[in-house]
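Below are the chains, spelled out letter by letter.
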Amino acid sequence: MARYIIGRIVQALTVLWGAYTITYAILYLLPGDPLSIMLTASGVEMDTLSADQIAKARHYYGLDQGTMEQYFHLLGRLLTGDFGTSLSSGRPVAAMLAERLPQTLMLAGTAVALSIVFGFAFAWLGAWLRWKPLRAVLRRLPAIGISIPVYWTGLLFIQIFAFSLGWFPSAGNTGWQSLVLPAVTLAIPSAAIYAQILLRGFDDVWAEPFIATARAKGLRRGQIQLRHVLRNASLPILTLVGLQVGHTVSGAVLVETVFTRVGVGRLVQEAVLRQDIPVVLAVVTISAAAFVAVNLVVDLLYPLLDPRIAGLATAG
Amino acid sequence: MDAQPDSFGPAIAKAESEDIIIRSAQWRRWSEALRAVRARPGFLLAAGFIVIVLLAAAAPGLLTPLDPYATAPLVKLKPPSLVHWFGTDELGRDLFTRVVYGARLSVQAALLAVAIGLLGGSSLGLVAGFLGGRADAAIMRLIDVLLALPGLLLALAIVTAIGFGTVPVAIAVGFGILPGFARTMRAEVMRVKTLAYVEAARLGGAGWGRVLRHHILPNASAAVIVLATLDFGVAILVASGLSFLGYGAAPPAAEWGTLIANGRRFLITAPWVSLVPGFVVALAVFALNHIARTLEEMGR
Amino acid sequence: MKGPSTPIVQVDGLCVGYRSGREIVAAVSDVSLTVMPGEVVAVVGESGSGKSTLANALIGLLAENGRVTAGTIRIDGEDFAHAREAAWRGLRGRIIGLVPQDPGVSLNPTMTIGRQIGEAVTRTRGIRGPSADADVLELLEQIGIDRPAQRARQYPHELSGGMRQRVLIAIALAGRPKIIVADEPTSALDVTVQRRVLDILEALVKRLGIAMLIITHDLGVAADRADRVVVMQGGRIVEEGPPAAILHAPKRPYTQNLIADARMLRQLAWQERAEPAPQPREILRFDAVSKVHSMPGQRGWLGRRMDRPLLALDQVSFTVQAGRTLAIVGESGSGKTTLLRIALGLEKPSAGRVVFEGADLTVLNWKDFRPYRRRIQLVQQNPYSALDPRCTVYESVIEPLLSFGHTARTELEARARRLIDQVRLPRLVLNRLPRELSGGQRQRVAIARALALEPELLLLDEPVSALDVSVQAQILALLAEMQRDLGVSYVFVSHDLSVVAAIAHDILVLRNGRVEEHGSAARVFGQPRTAYTRELLDAVPGRTGQREEALQVVG
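Asker: Which parts of the structure should I look at to understand the packing of helix α3 (residues 95–131) of chain B against helix α6 (residues 166–193) of chain B?
Answerer: A pair of packed helices is captured by two measures, namely the crossing angle of their axes and the spacing between those axes. All names here are of chain B. In the contact formed by α3 and α6, the axes pass within 5 Å of each other and the chain directions differ by 35°. Along this stretch, α3 crosses α6, giving a crossing that reads as right-handed. Residue classes in the contact of α3 with α6 are distributed as 23 nonpolar, eight polar and two charged.

Set out below in structure tokens:
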């Protein structure tokens, strides 16, 4: 079992390293001239500099080293917690992240919790109800939730609940009221996907032969749904939650922009506009780390929930 | 009945009077597909809408006679009416025309993205599923790494590096959806490879080339086509998200996302400027979802 | 055992249909049936006969679109034909217990078997906690499971098929029902395991005085275990009576056909097969073939696997005579599949040789084997996955010809027509897709495809196990006829001795990779030498009557 855990951890770290490397390659190797981008981001026009100043700038940004050297240099600094310096503001990126990360985590965490609760409740209802017309309607709804752009929902909610009804603020980070609309907006796409998968999962499990055995025992629908259907239908959701982390992070960027909230999402949105490479690299790396960490937890939890996998895990 | 089987020889045609014409499977499949489609009004509606969207992308002039760039300050911020179906924006431009012309950029980006994802991902998935072993392990690691980079953020990195515009957005989105295709193709290839008829073909003397062309790819492609349809919608969503954030084509050209972002400033006074283009996006993605689900049902 | 005279189950004029669109398709028509306390009744029928629908109706577990359209179902005196779900729930477990068909999928994979049995105990006896646990252990002992306390904590996938079926029996018995409905209780099991499970079921039922309704397609099982046999066809009861009367003096033509088909499987055309071949010529020989498989074991630190070796075949030797059939009999795990794969060149043996018409096949790589593909062909087990669902029958049948370079369209079409004629299918089948064909028809198409290249040796891997008894008989008759006409040699693998009896000249019995017995069919059936072969023969349901017959004819 220990072998399985260690194996997964090593795998996770490898993936994280790979993600960092690809992002680094995109940001530092793809552009024609990283130097001019960096200078522009810092507010300096390259044409105004003499050759001597350009050489100094190159050295300052570490761009005069070979590619491999620079890569390992940056990687080394990253491992010590140094994410570099923001080009546009001159502040250390780590500090900027530390200020904003808690806000985003709160938003994302609330959204994930809401989406799981909504998703399960929706699917439970959809499987429980027997009245055909209502069932049919419930089945269609998740597809709508998946199709609507998350920033549009945000604007719609602002229009209805903030401007027209005045129940919640339309922007800012103050107080729990400001969290409601953004969290619900962010939760909807994930909730819709969970609902859709679970509805199908519930249907599939209800059709399984072992449910007939359970019914032959004389159990009630509710007991069967709770004890037999739920556990078996939820197994794929665990994996899905891991995958949805990425979508939640992406959604956070859009939601924070729409609701003008302080957070990592808006930080990266502005950084892209200004081509502030170190900030973009840092944020993408952090997101990848979050994805990898959550999926690692999912991988480790899976044997606890599915005894068939547990058998494989202890054997290998 | 023959007592001995005829040997292969040049002369064949014994006149067989009451005999049947042998038809290919293609003919059968198309006629059945058409029959299945005719019975589904929802599918026809959705497909019809997508055809209109594609038409808007290919020949916007057919759908609207107005000029998307023509400003008319006198009629700015008018709500939807019979003259201006979607209303007008802050410069008096007809919003319906702007949406129709915006379709071109959004659809272009989405199609390019799906092409990248489909071709790149399917090839990787095919190699991984077919060869197995080390090649499979290596490719799956690569896919895991790509998956760890959330779609939008990967797109942000690419856009930072190579600049804004429709094509960078498309490339970014393409790489974001590539892992899905790789995994689906791999799973399907692995499934079909172990089925009895593949073994039967091999034992009948078919080489792997023939088996791939005639058995594995056709049977594996159903799931991939469904995914491509679904991801066409996803690509529209992500691409519009990127242009909403400001990384799309430069004004006055407008993708759907840019239109929605523009309208934010007038949310209180003229909400339709943002909300109507958003509704069009949602409708397009929903239609694609429905088409994909119908295709999946028909395939089962 | 005679109890009070109220029947446990009394069905009168029952009609059950399934709603499809706007119509109702009748599955059961005008069925009347009575089961007295302590009686064992068997309902026999092929697929589509309505027997499963009847069983489901008796416990109120009809599908969503199923309806009782007429008649009554009296359980212990009360009519439940139109009862609400709540009323049915009161019955289930307490009065009627169900033993479902496939133990592989009838247990919740994420719940321990102890809890699953405990659920039934709690529900019907109303007890929880330690006393319920004690009852669970008692039930486990009753069904003959070793180490009950340990097993109770295990999950279904950790148990063998036979043990899982016993757990299902325990669940059915937990509520101390008055009648058990056993739906095809053994079709998914090996024949020796089948026998043990049925023995246990029979013993428990007799000891506890419970009535039993066995649903089966196997006349032999019905004859062996039931007090009364009911034959169903097309939703109706066609015949009813004690097993001896049904088997020896069937009144209706359908029953007669059913028995004839089953009998035919056991009817040994001794005269024909007892004759030695006119010029015995060896076409295939296995020389001390062994095969070691490495099972995936633990993964080492760097991902290297420490594999456990498994001996799939151990020094297997036999010969196949030209124009005759060698039947290879074995249960699961006997190595028979590996044997076929080696003969086809899909795997290489770890030791030994395979000689075909004088040529050593084991030294050939895939490319060099190609000329032999024309001469050795395979008919696979599962007709439902043997044909590419996207190809018409014509395209499937001519594919081997295309692979070997015959491309002239007129030639191909003529050949396809001839092949379809040979397997006795109408020509219009050539344009059909596999999903429009029945299992038997698909298997004939697979045979036609295998014959396309005019092979000398045909390997058949359980070609009829997935088919109904009457269809089995037709396919076997077809194969026998083709052997006479074309002179093809067969290697016929099966776990079912009665199938083998219809077609084999020589028999090879495999067990755990070793040859248990090898000889002519007459000798193996008449004078089996090893205990295992005798066990196999005894386990065949309904054989008790046939053995004497067979011995008589052999003389």
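Further notes follow.
Asker: What is the right way to look at the pairing of strand β19 (residues 506–511) of chain C in this model?
Answerer: Taken residue by residue, a regular strand's side chains alternate between the two faces of the sheet. Residues and elements named next belong to chain C. Counting buried residues in β19 gives five out of six residues, a clear majority hidden from the surface. Relative to β19, strand β13 (residues 325–329) runs parallel, the two being bridged by four bridges. Looking at β19, one finds that I328 is bridged to L508. Relative to strand β20 (residues 514–520), β19 is paired through six bridges, and the arrangement is antiparallel. Looking at β20, one finds that L508 is bridged to H518. Here β19 folds back onto β20 in antiparallel fashion, the turn holding two residues, of which N512 has a positive phi close to 50°.

Asker: Even after reading the chapter, I still don't get the side chain of C:T53, so can you show me in this structure?
Answerer: Residue and element names in this part refer to chain C. Tracing the sequence through the fold places T53 in helix α1 (residues 51–59). Looking at T53, the relative accessible area reads 8%, which means it is buried. A distance of 3.3 Å separates the side chain of T53 from the side chain of Y18, its partner in a polar contact. Not counting residues within four places of it along the chain, the set of residues in contact with T53 comprises V16, Y18, A27, V28 and L62.

Asker: Mind showing me how you'd approach the pattern of salt bridges here?
Answerer: Any two side chains of opposite charge can pair, given that their charged atoms come close. Overall, the coordinates contain 49 salt bridges over all chains when judged by the stated rule. Here C:E462 makes a salt bridge to C:K336, at a shortest N to O gap of 3.5 Å. You can see C:E462 sitting in the loop between β17 (457–461) and α17 (469–486) and its partner C:K336 sitting in helix α12 (residues 336–343), a full 126 residues away along the chain. Here the residues in one salt-bridge network are B:E199, C:K291, C:R341 and C:E347, joined through shared partners.

Asker: Hey, could you run me through the interface of chain B and chain C in this one?
Answerer: Reports often express the size of an interface as the amount of accessible area lost when the parts come together. Listed per partner, the contact involves 35 residues of chain B and 49 residues of chain C. When chain B packs against chain C, the two sides together hide about 3,800 Å² of surface, and 52% of this comes from carbon and sulfur. At the boundary of chain B and chain C, one finds three salt bridges. C:R341 is the salt-bridge partner of B:E199, the closest N and O atoms lying 3.1 Å from each other. Inspection of the region where chain B meets chain C yields twelve residue pairs in polar contact (both at pLDDT 80 or more). Secondary-structure elements contributing two or more residues to the side of chain B that touches chain C are α1 (25–38), α7 (196–203) and α8 (208–245) of chain B. The element contributing the most residues to the side of chain B that touches chain C is α7(B), with seven residues. For the side of chain B that touches chain C, the per-class residue count stands at 17 nonpolar, seven polar and eleven charged.

So, how was this worked out
Residues numbered from 1 in each chain as written. Chains lettered and ligands numbered in written order. Predicted model: local features only at pLDDT ≥ 70, side-chain atom pairs only at ≥ 80, totals over all residues. Heavy atoms only, no water. Axes fitted to C-alpha atoms, helices over the stretch in contact; angles between N-to-C directions. Helix = DSSP H or I, 4+ residues; strand = E, 2+ residues; numbered from the N terminus. Left-handed = near helix turned anticlockwise from the far one by under 90°. Nonpolar A, V, L, I, M, F, W, Y, C, P; charged D, E, K, R; others polar. Buried < 20%, exposed > 50% of the residue type's maximum accessible area, 1.4 Å probe, protein only. Pairing = 2+ DSSP bridges. Polar contact = N/O pair within 3.5 Å; in protein donor to acceptor, adjacent residues only side chain to side chain. Contact = heavy atoms within 4.5 Å. Salt bridge = Lys/Arg side-chain N within 4 Å of Asp/Glu carboxyl O. Buried area = accessible area lost by both parts, 1.4 Å probe.

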